[in-house]
Amino acid sequence: SAVSHAVMDFLCTLMTPHHNNYDAYHEQVNKNRMLASSSFLSHLLVLLKGHIESDSGALVIQALLDFFVYSICPPYSESTEEGYFSTILSLMVEQIGKSIYLLFGHHCKAIRFSAGNIVRVILEEGDEDQFFALQRAALSEGGFLRQFHIASFNRDRQLRDLARKLIAYWAFENQITQDLLRRMLPVTLLHFLQSKDLPPEDERELQKKLAVNIQTQEFLDSKQGWFKKSFHPNQAIAKESKAAGQGGDENDRVVCYRQRIVKIEPTLNWALLFYQLKQDHLRPDLIWNHNTRTLR
């Protein structure tokens, strides 16, 4: 496990920049060369599933999840090529499947958050079969109830916002989940799902952004000598290519960003519902309705 964690930690360093003024081209090259091998990805998923089902190697699980978060989860996924992105989604559903929901009950917050983000991406950008497979598994594996509790009562904003988004996708056109919600909550509270009102700002989801800045031409121009070359290796690569008669120009090294395509977008006002769950209400229909039995 120690060796596996050390290797995965090294691979994660290559998957995304962890420092300011990074070279976007080299980030994309490093990432997509590793993701080009389906057998390599399958091996990582077999390793991940083994640790999940044996409930062992928390550090290895976290490192493996980080690798796939950097591959398919925003904002890191914009530098992943579309073909590799689709391959990872397919392999994840085929090889890990509903086992990923076992991580929703893990004692480590980072593991729960990473697993939730991976499930969210599959629900948002996967195909129809992948969407409904994970939607059904959310009920059979208990993921729905765990995330509903987090969405309602957890004080960690990241976990709370993620759980609310997952609940929205799991309930989307899912009659079984919708019937379960009607048994869990009074109908009056469920009416807030149809409201157009906005909850307070701190109840809305935050958009995640990269914590580091891309390298700019102004930054390069401010450097001199070896220091400048070490921060811009494309120049050295281009010179070596020209010397070998292969041509090449650093200006031809274009970075291609992938555009996210969210295929399913819930329209119900889930943020307002969960906000109202925490408020005090003076409404008789929250207690007395047509289903309430008469007290004598």
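Notes on the structure follow. (Residues numbered from 1 in each chain as written. Predicted model: local features only at pLDDT ≥ 70, side-chain atom pairs only at ≥ 80, totals over all residues. Heavy atoms only, no water.)

### Observations regarding the environment of I61
Part 1: If you trace the backbone, I61 turns up in helix α4 (residues 58-72).
Part 2: Note: C-alpha distance between I61 and L48 (13 residues apart in sequence) is 6.1 Å.
Part 3: Ignoring any residue separated from it by four or fewer positions in sequence, one finds I61 in contact with L48, H51, I52, S56, L103 and I111. (Helix = DSSP H or I, 4+ residues; strand = E, 2+ residues; numbered from the N terminus. Contact = heavy atoms within 4.5 Å.)

### Focus: the nonpolar core
In summary, soluble globular proteins display a tendency toward joint burial of nonpolar side chains.
Part 1: Counting residues in hydrophobic clusters, the biggest one holds 70 residues, and the most contacted among them are F67, F68, Y101, I118, V119, W170 and W270.
Part 2: If one sorts the elements of this core by residue count, α4 sits on top with 10 residues. (Core = buried A, V, L, I, M, F, W, Y, C linked by side-chain atoms within 4.5 Å. Buried < 20%, exposed > 50% of the residue type's maximum accessible area, 1.4 Å probe, protein only.)

### Brief notes about the packing of aromatic side chains
What characterises a pair of aromatic rings is the spacing of the ring centres plus the angle enclosed by the ring planes.
Part 1: Tallied over the entire structure, the rule returns 11 aromatic pairs.
Part 2: Look at F131 and F132: their rings are 5.2 Å apart centre to centre, the planes differ by 85°, and that puts the pair in the edge-to-face class.
Part 3: Here the aromatic cluster, defined as three or more aromatic residues joined through ring pairs, consists of F144, F148, W270 and F274.
Part 4: Note that R258 overlies the ring of F85, its terminal NZ or CZ placed 3.7 Å from the centroid. (Phe/Tyr/Trp six-rings, centres within 6.5 Å; stacked < 30°, edge-to-face > 60°. Lys NZ or Arg CZ within 6 Å of the ring centre and 35° of its normal.)

### Regarding the layout of surface pockets
Part 1: The space that makes up the largest pocket amounts to roughly 720 Å³.
Part 2: Listing elements by their share of the lining of the largest pocket, those giving two or more residues are α4, α6 (109-125) and α9 (157-171).
Part 3: For the lining of the largest pocket, the class distribution of residues is 12 nonpolar, five polar and 11 charged.
Part 4: One number sums up the size of the second largest pocket: a volume of about 370 Å³.
Part 5: Elements supplying a minimum of two residues to the lining of the second largest pocket: α9 and α15 (270-277).
Part 6: Ranked by the residues each element gives to the lining of the second largest pocket, the list is headed by α9, at four residues. (1 Å grid on protein atoms, 1.4 Å probe; cavity = no way out; pocket = protein on both sides within 12 Å on 5 of 7 lines; lining within 4 Å. Points joined across faces, edges and corners; volume = space filled by probe spheres on them. Nonpolar A, V, L, I, M, F, W, Y, C, P; charged D, E, K, R; others polar.)

### Things to note about the pattern of salt bridges
Part 1: Following the criterion strictly, the structure yields 17 salt bridges and no others.
Part 2: Among the salt bridges present, the one from R164 reaches E203, with a minimum N-O distance of 2.8 Å. One end of the pair, R164, is in helix α9; the other, E203, is in the loop between α11 (187-190) and α12 (217-221), with 39 residues separating them in the sequence.
Part 3: Relative accessible area serves as the criterion here: at 7%, E203 is assigned to the buried category.
Part 4: Between R204 and E201 there is a salt bridge, with the nearest N and O atoms lying 3.1 Å from each other.
Part 5: You can call E201 exposed: its relative accessible area is 54%.
Part 6: Salt bridges sharing common partners tie together E82, R120, E124, E125, E205, R258 and R260. (Salt bridge = Lys/Arg side-chain N within 4 Å of Asp/Glu carboxyl O.)

### Here we look at the side chain of E124
Part 1: In this fold, E124 is placed in helix α6.
Part 2: The buried category is assigned to E124, whose relative accessible area is 3%.
Part 3: Those residues in contact with E124 that sit more than four places away from it in its chain are K165, Y169, R260, I261, V262, K263 and I264.

### Details of the packing of helix α5 (residues 82-96) against α6
Part 1: Two numbers describe how α5 lies on α6: the axes approach to 11 Å, and their chain directions differ by 115°. It follows that α5 is roughly perpendicular to α6 by the angle criterion. Considering how the two elements wind past one another, α5 and α6 form a crossing that is left-handed. Mapping the contact onto sequence places F85, L89, M92 and V93 in α5 and I118, V121, I122 and E125 in α6.
Part 2: Residue composition of the contact of α5 with α6, grouped by class: seven nonpolar, no polar and one charged. (Axes fitted to C-alpha atoms, helices over the stretch in contact; angles between N-to-C directions. Parallel < 35°, antiparallel > 145°, perpendicular 65-115°, else oblique. Left-handed = near helix turned anticlockwise from the far one by under 90°.)

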